[in-house]
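Read off the chains here:
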Amino acid sequence: MSRRKVTVVGAGNVGATTAQRIVERGIADVVFVDVVDGIPQGKALDILQSAPIIGFDTKIIGTTRYEATKGSDIAVITAGLARKPGMSREDLLSANAKIVKNITSELIKYSPDAIIIVVTNPVDLMTFLCAEVSGFQKNRVFGMGGVLDTARFRTFIAMELNVPIKDINAVVLGGHGDAMVPLPRLSTVSGRPLTEVLNIDKIEAIVKRTRDGGAEIVSLLKTGSAYYAPSAAVMEMVEAVLLDNKKILPCSACLNGEYGIKGLYVGAPVQLGKNGVEKVIEITLTKEERIAFDKSVGMVRDGVEQVMSLIGKK
């Protein structure tokens, strides 16, 4: 039986760390792709040379050619531009839409049966675009966002309470970024609702820090953005699919009537397995939570029309 194969597109920090985590976990061989010749080859070789020390037998190669990605079980798209000073959200959307459109076209040519995980921002819109361009069934295309947001939420709760991370469960809905909807009511510490453990002011401060989690890291790094936690989030999603473990994780998934939404990619808890998104989990929301969720969905809906025009569809 041949080993599973994962393609990671984009040799920046998120892509490189994702590739490293996957091969170190020993769950798949990795093909690492980037447009800049030498970067994916060099990083892949460096990662491969750590195998005797770390102790993994999975393989990784770097390339600029998509032919090497043929027959991938999963493709992860991390390539894209980061938002720069003076760049509008529309400029970023336009630039990354072209990148993701081209990558998707190449991936589906060589791996028509793959599952695609999108990481490029704005993730909900880039995932929608990828699904449109690929023509894949919607369950085979989904985006990373909620796993990272939930991890940040859990981290900040643990820091505030000084308790083990494993004792904390957290729920986040909606779009990735400013419009995410953390749900303190359904988040727990050793089974106790967060609302019984912390007062409202502290909870609101943690929710705000979670929403600003990426921006906080950008402001500290000055010249880059987060990649350790995002790559760990992608690895967890890849593992859930390859091992078919039916794990419930928050992802940007295409809703088909769930939460009253149809045809939009929005963050929601889903069951991940060998077929990708195998089920969307519906949570009953309070009136306040529903208002916040609808606002988040509205922001995604506003961007979809622009995405459709960028790829020549109306």
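Relevant structure appears above.
Just so it is clear, the structure is predicted and the values come from calculations on it, not from any experiment.

Participant: I'm lost on the pairing of strand β12 (residues 247-256) in this one. Help?
Facilitator: In regular strands, side chains alternate between the two faces of the sheet. Among the ten residues of β12, seven are classified as buried, and the element is accordingly described as predominantly covered. The pairing of β12 with strand β13 (residues 262-273) spans nine bridges and is classified as antiparallel. By the bridge assignment for β13, I248 is matched with Q271. Hairpin remark: β12 followed by β13, antiparallel, with five residues in the connecting loop; positive phi at G257, about 105 degrees.

Participant: Mind showing me how you'd approach the nonpolar core here?
Facilitator: One recurring pattern in soluble globular proteins is that nonpolar side chains are buried together. Core analysis: the biggest nonpolar cluster contains 84 residues, and V238 and Y259 have the highest contact counts within it. Here this core gets eight residues from one element, more than from any other, and that element is helix α10 (residues 228-242). Excluding anything up to four places from it in sequence, V238 contacts V6, I22, I27, I74, V76 and I117. I157, V172, L198 and I206 belong to the second largest nonpolar core, which has 14 residues in total.

Participant: Just checking my understanding: could you explain a nonpolar patch on the surface for this structure?
Facilitator: Together, V35, V36 and I39 give the surface a local cluster of nonpolar side chains, amounting to about 290 Å² of exposed area. With respect to the element layout, I39 can be found in helix α2 (residues 39-48).

Participant: Is there a simple way to think about empty space enclosed by the protein in this case?
Facilitator: The gaps left among the atoms become clear once a water-sized probe is rolled over them. Under the criterion given, the structure shown has one cavity of 30 Å³ or more. Looking at the largest cavity, its volume works out to about 70 Å³. Around the largest cavity sit 15 residues that line it, and G145, G146, G174, H176 and G267 are the ones nearest its centre. Secondary structure elements with two or more residues in the lining of the largest cavity: α5 (123-134), α6 (146-161), β8 (172-173), β12 and β13. For the lining of the largest cavity, the element with the most residues is β12, which contributes three residues.

Participant: What is the right way to look at the layout of surface pockets in this model?
Facilitator: There is about 570 Å³ of room inside the second largest pocket. Around the second largest pocket, the lining comprises 26 residues; the ones closest to its centre are T150, R154, E236, L249 and P250. Secondary structure elements with two or more residues in the lining of the second largest pocket: α6, β7 (168-169), α10 and β12. The biggest single contributor to the lining of the second largest pocket is α10, with six residues. Taken together, the residues of the lining of the second largest pocket break down into 18 nonpolar, three polar and five charged.

Participant: Please clarify how the sheet that holds β7 should be interpreted in this entry.
Facilitator: The pairing of strands in a sheet happens through backbone hydrogen bonds and is either parallel or antiparallel. Here we have three strands laid out as an open sheet, ordered β7-β10-β11, and antiparallel in their pairing. What marks the edges here is a single partner per strand, and that holds for β7 and β11 (192-193). One ladder, built from two bridges, connects strand β10 (residues 188-189) with β11; its direction is antiparallel. The residue bridging V189 from the neighbouring strand is R192, located in β11.

Participant: Got a minute to help me understand the side chain of T17 in this structure?
Facilitator: Relative to the helices and strands, T17 resides in helix α1 (residues 13-25). The class for T17 is buried, based on a relative accessible area of 9%. The residues contacting T17, other than those within four sequence positions of it, are Y227, Y228 and S231.

Participant: What am I meant to see in the pairing of strand β14 (residues 276-280) here?
Facilitator: One ladder, built from four bridges, connects β13 with β14; its direction is antiparallel. Residue pairing across strands places G273 opposite G276, the latter belonging to β14. Counting the residues that bridge the hairpin from β13 to β14 gives two residues.

Participant: Whenever I open this one, the side chain of S187 confuses me. Can you help?
Facilitator: Here S187 lies in the loop between β9 (181-182) and β10. Under the relative-accessibility criterion, S187 is labelled buried at 0%. At 3.2 Å, the side chain of S187 and the backbone nitrogen of V171 are in polar contact. Apart from the residues within four sequence positions on either side, S187 is in contact with F153, N169, A170, V171, R192, P193 and L194.

Parameters at a glance
- Residues numbered from 1 in each chain as written.
- Predicted model: local features only at pLDDT ≥ 70, side-chain atom pairs only at ≥ 80, totals over all residues.
- Heavy atoms only, no water.
- Buried < 20%, exposed > 50% of the residue type's maximum accessible area, 1.4 Å probe, protein only.
- Helix = DSSP H or I, 4+ residues; strand = E, 2+ residues; numbered from the N terminus.
- Pairing = 2+ DSSP bridges.
- Core = buried A, V, L, I, M, F, W, Y, C linked by side-chain atoms within 4.5 Å.
- Contact = heavy atoms within 4.5 Å.
- Patch = residues over 30% accessible without salt bridge, like charges linked within 9 Å, V, L, I, M, F, W, Y side chains within 5 Å.
- Areas by Shrake-Rupley, 256 points an atom, 1.4 Å probe, with all protein chains shown as cover.
- Salt bridge = Lys/Arg side-chain N within 4 Å of Asp/Glu carboxyl O.
- 1 Å grid on protein atoms, 1.4 Å probe; cavity = no way out; pocket = protein on both sides within 12 Å on 5 of 7 lines; lining within 4 Å.
- Points joined across faces, edges and corners; volume = space filled by probe spheres on them.
- Nonpolar A, V, L, I, M, F, W, Y, C, P; charged D, E, K, R; others polar.
- Polar contact = N/O pair within 3.5 Å; in protein donor to acceptor, adjacent residues only side chain to side chain.

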